[in-house]
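Spelled out from the first residue to the last, the chains are:
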Amino acid sequence: GALHALCRRGGMRFLHRTMVVAAFFVAVLPSVVQGDEKPECFSEEIRRNVSLQLGGCTAGGRHAMRRTLAPGSYRCRAFAGDVLNVAAKAEGGACGQQCKGGERLAMPTEGGEELVQPTCVKCPANHFSVGGGQLIREWGAVGSGNEEPTAPHAGRPGWGASGDMATSALPPQFETVCYGFNDTTYQETGSMNDAWQRGLACTPWAPSPDGTFLSSGASRDAHKVRSELRARLRFVTKGKLWFSYRVDSDGNPAAISSCPWLQGDTAIPGEWECLDGTRGDAWTCNEHGGRGKCPANFPEMCAQPSVCAGGLAFCCSIDCAGYGGQRLCPATGGLQVLLCRDTRLRSCQPQPLLPLVSRTRYYVSSQLQWRWVEIDMPEGWSEIRFNYMRDGAVLGEDQAFIGEVGWSGSKLADEACHPCPEGKQSVAGSDRCSHCERDTVWDRSTGGCRECNSNEYALPGFEQCVPRPVCTREDYVAKYEECNGNSQKRLKYFQWLEPKICQNQGISLPSSTRVECEPCREGLFRPDSSGSCQECEAGKFSQGKLNEKCKTCPAGKEALRRERLFQWDEWPEGMTTGCVGQCGSHGWRLRTYMIDSGFHHIAPAQSWLQMAVNLTAQAVVSFSYDLLCDAAVASFNFSVNGIDLPLEHQCARIPSMVPKSAHKSFSVSLPVGLQTLKWSYYKLSNNPGRHPMDEEEGDTGPQTAPNEHTDMARVWAITVINSEQGGASSCTPCPPGTFSDSPTSRCKPCEAGSSSPVTVGAGGVSSRWGARACEPC
């Protein structure tokens, strides 16, 4: 029905009417004022509570529209002679009206100035729109934006069974399932389809406790696992899909590079690529080591072995559901994202997750920092699959994580702008919100960010401004330019540690000066023509003395490579760092004579340092460290290949500065091959003397200023013996069973022969240390 407030002409009296109104649809309102025709009026009270929504397209190619009035009690007021008529339009603007991100579609009669037709207008400050789509920032509840239609799923199984999760935990466009591999079934039947069993020793994707990300589930008990997260979306125009992700599964790039079938197809229909690089037809790879990549028209390599090409090859297909699913990569785990389309036939294409220069851009096993990816989406229905796959034991947490997910193009325009969540802001016309900038914090009273006072500071994510401490010598670090090979001098200068938050009261950076060049580390030397240190050649050594040249080891000895890091002017090759969470610094920091885990982190946060080493023989890794931290708010751990190794010394209840004589040491023996070393400093609480459990129970107390000098871990030196990197510091006699007849970094084993009661190699013998040759058995 219609809502009327009728006012008689010729008088000055008002008609007052109080009504209780439910949401309803009402009659037709002209959209254009013609001639002297007066538009029908609204009271401001009603206008504020009326919303217009676009419906589907009519046969005339225009949007059907509806107007709803929010439930509530209203007092309607109008002057005599005016007619108040709350109405709905039968048709809105043309269906082709499209608004970009940061805009919304404004309806006629909206706002004070009448609009002739629907118009794109900018979102105001501290609001955003994605441009006809949706943004999901919190998992466990549908994110900002209108809900999209979900695609029909024929025979969609009920959720809640093993391996599934309730749909209420995910937005309606998403579903998840996991599969574990039953080796016994495969041995009995030979069918990988039968061996992949839903929910076997695995859990599917699930939200984190705070709802800020999804994880691929717990699956360490499964030898092989596939955890799939699927999003079914319909795009009315070409659009975009973006998401953030990280993976902590496997730091072994050599293993991943041996599986080219997970790194895209050949990009040419009908052309296969073999493991040795040869290209040809479907049968070519039978003589060239097997299939490495599939052709563009059959892009997926399937897991069931010995089926195609005369029963000698893995099959390539557009859908591997009938051939044991997608082929995995042995001894690795990782994330792959597929874009699947149903055109004439179903086809899935992997999407790049890393830059073009990366060899493993389609299948990523180690990406410890959050990374953004954007995908072009075609018009029509598409399915995005986030697949975490593992075959065998892996390193790291054995999980992938998906953070924010958003898309545009599923609608032509957003009808509303959405407010930024608390603690974030935006300028007018924004398609996303961001944290308050450095030295500003969120002000609930104004709904925006306010600046801190000059004697206060705040890092992104801080809830309140914190007093600035006075600068000390701990707040800056010495830096050195490269040594001048002719003068044997280098420039020494100083820099403030970032982020600099202290006040310069009575202290400033020391002046630059030229100083003598530092001796090279053991195993390195400085050529006359270069100021930089270089590794000694294989079979040579140096002891780290100034201007020392490399010396040659004689026959019967070996120059074992050893990498010893104790000068921290720059990050060595193979070492990376970062921080996950609300971090005050971008991971660990160089401090000239040591490195530290950074400071001003807000719980929960993890500052990590990772080092990849390739060991040429049984090796020993050792490091010296100290901890300036409170066990109530922080912890420190060290892991090798994702396995935590217990450290004897941990954060103390009462932190204090630790003298150099009190540095602690740790060492571990490791086997040959690639190893991933990782040091992690965890910020568990923001309140010294309070345990994280107190915060979980809701008793958080006020945020306190972290003390950068008593809230960190420090590593002073790292030594790796028998590493592929580094140089030798001495000559060592060859052990029994080995020999060297020329300068070498590793003595060679004796050749095969008969056994002997004396020490033997693989068969030949040497009965003493330092043999230059092996004696026949």
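Residues numbered from 1 in each chain as written. Predicted model: local features only at pLDDT ≥ 70, side-chain atom pairs only at ≥ 80, totals over all residues. Heavy atoms only, no water.

Undergrad: How should I be thinking about the overall build of the protein chain in this particular structure?
TA: On a plain count of helices and strands, the protein chain comes out with five helices and 55 strands. Split into buried and exposed, the 777 residues of the protein chain put 48% on the buried side. Relative to all contacts within the protein chain whose residues are 6 or more apart in sequence, the contacts with residues 24 or more apart total 66%. A total of about 36,900 Å² of accessible surface is found on the protein chain, and carbon and sulfur atoms cover 51% of it. (Helix = DSSP H or I, 4+ residues; strand = E, 2+ residues; numbered from the N terminus. Buried < 20%, exposed > 50% of the residue type's maximum accessible area, 1.4 Å probe, protein only. Contact = heavy atoms within 4.5 Å. Areas by Shrake-Rupley, 256 points an atom, 1.4 Å probe, with all protein chains shown as cover.)

Undergrad: Could you clarify how one ought to interpret the environment of Phe462 in this entry?
TA: Tracing the backbone shows Phe462 in the loop between β33 (456–457) and β34 (466–467). On the accessibility criterion, Phe462 (7% relative accessible area) is buried. In this structure, the C-alpha to C-alpha distance between Phe462 and Glu437, residues 25 residues apart in sequence, is 9.9 Å.

Undergrad: Mind showing me how you'd approach the confidence of the model for the protein chain here?
TA: Reading predicted coordinates in detail is not appropriate for stretches of low pLDDT. Chain-level pLDDT for the protein chain is 77 on average; 75% of the residues reach the 70-or-more range. Under a pLDDT of 50 for its full length, residues 654–658 has, in the predicted model, 12 contacts with residues more than four places off or in other chains. The model gives residues 689–706 a pLDDT under 50, and that stretch makes 35 contacts with residues more than four places away or in other chains. (pLDDT = per-residue confidence, 0-100.)

Undergrad: Is there a simple way to think about the nonpolar core in this case?
TA: With 34 residues, the main nonpolar core has Met611, Phe636, Phe638, Leu677, Trp679 and Ile718 as its most contacted residues. Sorting elements by how many residues they give to this core places strand β47 (residues 602–628) first, with nine residues. Other than its neighbours up to four places away in sequence, Leu677 contacts Leu609, Gln610, Met611, Val613, Val621, Phe638, Ser639, Val640 and Leu670. Residues Phe174, Val364, Ile384 and Tyr388 belong to the second largest nonpolar core, which totals 31 residues. (Core = buried A, V, L, I, M, F, W, Y, C linked by side-chain atoms within 4.5 Å.)

Undergrad: Just to check I follow, could you spell out the sheet that holds strand β37 (residues 513–516) for this structure?
TA: Strand pairing in a sheet relies on backbone hydrogen bonds. The paired strands run either parallel or antiparallel. With respect to topology, three strands assemble into an open sheet ordered β35-β36-β37, the strand pairing being antiparallel. Both edges of this open sheet fall to β35 (476–480) and β37, since each of them pairs with a single strand only. Shown here is a sheet whose adjacent strand axes are inclined to one another by a mean of 40 degrees, direction ignored. Of the pairings in the sheet, the one linking β35 to strand β36 (residues 489–496) comprises five bridges and is antiparallel in character. Counterpart to Ala478 in the pairing with β36 is Phe494. (Pairing = 2+ DSSP bridges. Axes fitted to C-alpha atoms, helices over the stretch in contact; angles between N-to-C directions.)

Undergrad: What exactly am I supposed to notice about the state of the cysteines here?
TA: As used in these notes, a disulfide is a covalent bond between sulfur atoms, one from each of two cysteines. Counted under the stated rule, the structure contains 21 disulfides. Note on cysteine connectivity: Cys436 is disulfide-linked to Cys449, with sulfurs 2.0 Å apart. The S-S bond linking Cys436 to Cys449 shows a torsion near -80 degrees; that makes this disulfide left-handed. With a gap of 13 residues between them, Cys436 in the loop between β30 (434–435) and β31 (440–443) and Cys449 in strand β32 (residues 448–451) connect regions that are remote in the sequence. Classification of Cys449 as partly exposed rests on a relative accessible area of 24%. (Disulfide = S-S within 2.5 Å.)

Undergrad: Looking at this structure, I do not really get the pattern of salt bridges. What am I missing?
TA: Pairing between side chains of opposite charge can happen when their charged atoms approach one another. Tallied over the entire structure, the rule returns 29 salt bridges. With its nearest N and O atoms 2.9 Å apart, the salt bridge here joins Glu404 to Arg432. Within this pair, whereas Glu404 is found in strand β27 (residues 399–408), its partner Arg432 is found in the loop between β29 (424–425) and β30, the two being separated by 28 residues in sequence. The class for Glu404 is buried, based on a relative accessible area of 14%. For Arg450, the salt bridge is made with Asp443, and the minimal N-O distance between the two is 4.0 Å. For Arg450, a relative accessible area of 37% puts it in the partly exposed group. Overall, the relative accessible area of 18% leaves Asp443 in the buried class. Ionic contacts of the salt-bridge type, sharing partners, join the residues Glu175, Arg226, Glu228 and Arg230 into one network. (Salt bridge = Lys/Arg side-chain N within 4 Å of Asp/Glu carboxyl O.)

Undergrad: Explain the side chain of Ser216 here, please?
TA: Assignment of secondary structure puts Ser216 in the loop between β15 (214–215) and β16 (224–235). Given a relative accessible area of 1%, Ser216 falls into the buried group. In this structure Ser216 touches Thr203, Pro204, Trp205, Ser227, Tyr388, Gln399 and Ala400, once residues within four positions along its chain are discounted.

Undergrad: Looking at this model, I keep getting lost on the environment of Asp475. Mind explaining?
TA: Topologically, Asp475 is positioned in the loop between β34 and β35. For Asp475, a relative accessible area of 8% puts it in the buried group. Considering only alpha carbons, one finds Asp475 and Glu498, 23 residues apart in sequence, at a separation of 8.7 Å.

Undergrad: Help me understand the packing of aromatic side chains, please; the structure alone is not making it clear to me.
TA: Centre-to-centre distance and the angle between the planes together describe a pair of aromatic rings. A complete count under the given rule lists 18 aromatic pairs for this structure. With a centroid separation of 6.2 Å and 55 degrees between ring planes, the pair formed by Phe213 and Trp370 is classed as tilted. Taken together, the residues span a long stretch of sequence, with Phe213 in the loop between β14 (206–207) and β15 and Trp370 in strand β25 (residues 366–377) at a distance of 157 residues. In this structure Phe213 comes out as partly exposed when scored by relative accessible area, which is 23%. The exposure class assigned to Trp370 is partly exposed, which follows from its relative accessible area of 34%. Between the aromatic rings of Trp588 and Phe636, the centroid separation amounts to 6.4 Å while the plane-to-plane angle is 50 degrees, which identifies the pairing as tilted. Remark: Phe636 occurs in strand β48 (residues 634–640) and Trp588 occurs in the loop between β44 (575–582) and β45 (589–590); sequence separation between them is 48 residues. Across the pair, Phe636 and Trp588 agree in class, each one buried. The rings of Trp588, Phe623, Tyr625, Phe636, Phe638, Phe666 and Trp679 are connected pair by pair, giving a single aromatic cluster. (Phe/Tyr/Trp six-rings, centres within 6.5 Å; stacked < 30°, edge-to-face > 60°.)

Undergrad: Please explain the environment of Cys629 as it appears in this structure.
TA: As for its position among the elements, Cys629 is in the loop between β47 and β48. Sequence-wise, Cys629 and Met712 are 83 residues apart; in three dimensions their C-alpha atoms are separated by 5.8 Å.

Undergrad: Explain the sheet that holds strand β18 (residues 272–274) to me, please; I cannot follow it from the model alone.
TA: Reading across from one edge, β19-β18-β20 is the order of the three strands in this open sheet, with antiparallel pairing throughout. Pairing within the sheet leaves two strands with one partner each, and these edge strands are β19 (279–280) and β20 (291–293). Looking at chain direction, β18 and β20 are connected through two bridges and run antiparallel. Counterpart to Glu273 in the pairing with β20 is Lys293.

Undergrad: Even after reading the chapter, I still don't get the side chain of Gln263, so can you show me in this structure?
TA: Mapped onto the secondary structure, Gln263 falls in the loop between α4 (253–257) and β18. The exposure class of Gln263 is buried, given its relative accessible area of 9%. There is a polar contact of 3.2 Å between the side chain of Gln263 and the backbone nitrogen of Arg361. (Polar contact = N/O pair within 3.5 Å; in protein donor to acceptor, adjacent residues only side chain to side chain.)

Undergrad: Sorry, what's going on with unusual backbone geometry here?
TA: Comment: phi is negative for the bulk of residues other than glycine, and the bulk of peptide bonds are trans. Cis geometry marks the peptide bond from Glu498 to Pro499, where omega comes out at 0 degrees. Here Ala603 and Pro604 are connected by a cis peptide whose omega angle stands at -5 degrees. Tracing the backbone through its elements, the reader meets Pro604 in strand β47. Although it is not a glycine, Ser306 adopts a positive phi angle of roughly 55 degrees. Mapped onto the fold, Ser306 is located in the loop between β21 (300–301) and β22 (316–317). A positive phi angle is found at Gln488, which is not glycine, with a value near 60 degrees. Assignment of secondary structure puts Gln488 in the loop between β35 and β36.

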